[in-house]
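Notes for the structure review
Here is how the chains run, residue by residue.
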Amino acid sequence: HQYCSRQPARPFNSVKKQTHFHHHHCDDKMLKAVHLYKRLMREARQMQDYNFRMYAIRRIRAGYNQNRVLQGQAADEALLEGEKQLAVLTRQSVISRLYPSAKSVMETPTPSW
């Protein structure tokens, strides 16, 4: 895999049969990062205000792309920071649903002439 230093897994139809799967530490971190990314995006899409929603989505994508190559302690710190940002985003999302604002011009359908 491009983010791990280990060799790719052997195909299932190879001569030597695999009896179990090995989950390496880098795979675990990558899965956590992808799971965190999906949870952040799910929460961002629930924001009621268009501008806040689009800003959150842009920041999530940029942060993921910036941090996805990190390894070791740096990756652990980035995951912890991402969890903190998820908590902040969750609170903001709840507030935006409790106190919705008017629809943005970007969200209103254009009239068909």
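Residues numbered from 1 in each chain as written. Predicted model: local features only at pLDDT ≥ 70, side-chain atom pairs only at ≥ 80, totals over all residues. Heavy atoms only, no water.

Let's shift gears to the overall build of the protein. Scanning the protein for helices and strands turns up 3 helices and 0 strands. Along the protein, helices (α) and strands (β) appear in the sequence α-α-α when read from the amino end. Every one of the 113 residues in the protein was classed for burial, and the buried ones make up 20%. Accessible surface computed for the protein: about 9300 Å², of which carbon and sulfur atoms make up 58%. (Helix = DSSP H or I, 4+ residues; strand = E, 2+ residues; numbered from the N terminus. Buried < 20%, exposed > 50% of the residue type's maximum accessible area, 1.4 Å probe, protein only. Areas by Shrake-Rupley, 256 points an atom, 1.4 Å probe, with all protein chains shown as cover.)

For side chains of opposite charge, pairing can occur when their charged atoms come near one another. For the structure on display, the rule yields 4 salt bridges. Ionic pairing is found between Asp 28 and Lys 32, a salt bridge with its closest N-O pair at 3.7 Å. One end of the pair is Asp 28 and the other is Lys 32, both in helix α1 (residues 25-45) and 4 residues apart, which spans about a single turn. For Glu 43, the salt bridge goes to Arg 97, with nearest N and O atoms at 3.9 Å. Here Glu 43 is found in helix α1, whereas its partner Arg 97 is found in helix α3 (residues 72-98), with 54 residues between them in sequence. (Salt bridge = Lys/Arg side-chain N within 4 Å of Asp/Glu carboxyl O.)

This paragraph deals with a nonpolar patch on the surface. Among the surface-exposed residues, Val 94, Ile 95, Leu 98 and Tyr 99 lie close enough to one another that they form a single nonpolar patch of about 430 Å² accessible area. With respect to the helices and strands, Ile 95 occurs in helix α3. Residue classification places Ile 95 among the partly exposed positions, given a relative accessible area of 42%. (Patch = residues over 30% accessible without salt bridge, like charges linked within 9 Å, V, L, I, M, F, W, Y side chains within 5 Å.)

For the protein, mean pLDDT is 80; residues scoring 70 or higher make up 77% of the total. The least confident element of the protein, judged by mean pLDDT, is α1 at 88; the most confident is helix α2 (residues 50-67) at 94. Note on residues 17-23: pLDDT under 50 across the span, and 6 contacts to partners over four residues away in sequence or across chains. (pLDDT = per-residue confidence, 0-100. Contact = heavy atoms within 4.5 Å.)

Scanning the entire structure with this criterion turns up 1 aromatic pair. Seen in terms of ring centroids, Tyr 37 and Tyr 64 are 4.8 Å apart; in terms of plane orientation they differ by 45°. Their pairing is tilted. Highlighted residues: Tyr 37 in helix α1 and Tyr 64 in helix α2, separated in sequence by 27 residues. You can call Tyr 37 partly exposed: its relative accessible area is 24%. Owing to a relative accessible area of 24%, Tyr 64 belongs among the partly exposed residues under this scheme. (Phe/Tyr/Trp six-rings, centres within 6.5 Å; stacked < 30°, edge-to-face > 60°.)

We now examine the nonpolar core. The biggest cluster of nonpolar side chains holds 11 residues, and these are Leu 36, Leu 40, Met 41, Ala 44, Met 47, Ala 56, Ile 57, Ile 60, Leu 79, Leu 86 and Leu 89. Secondary structure elements with two or more residues in this core: α1, α2 and α3. Other than its neighbours up to four places away in sequence, Met 41 contacts Ile 57, Ile 60 and Arg 61. (Core = buried A, V, L, I, M, F, W, Y, C linked by side-chain atoms within 4.5 Å.)

With that out of the way, let us pick up α2. Residues lying three or four places apart along an α-helix face the same way, a consequence of the helix completing one turn every 3.6 residues. When the terminal C-alpha atoms of α2 are compared, their 26 Å separation across 18 residues agrees well with the 26 Å that a helix rising 1.5 Å per residue should span. Within α2, the full set of buried residues consists of Arg 53, Ala 56, Ile 57, Ile 60 and Gly 63. Angular distribution of buried residues about the axis of α2 spans 135°; they occupy a single face of the element. Opposite the packed face of α2, turned more than 90 degrees from it, sit the exposed residues Asn 51, Arg 58 and Gln 66. (Expected span 1.5 Å × (residues − 1). Arc of directions from axis to C-beta.)

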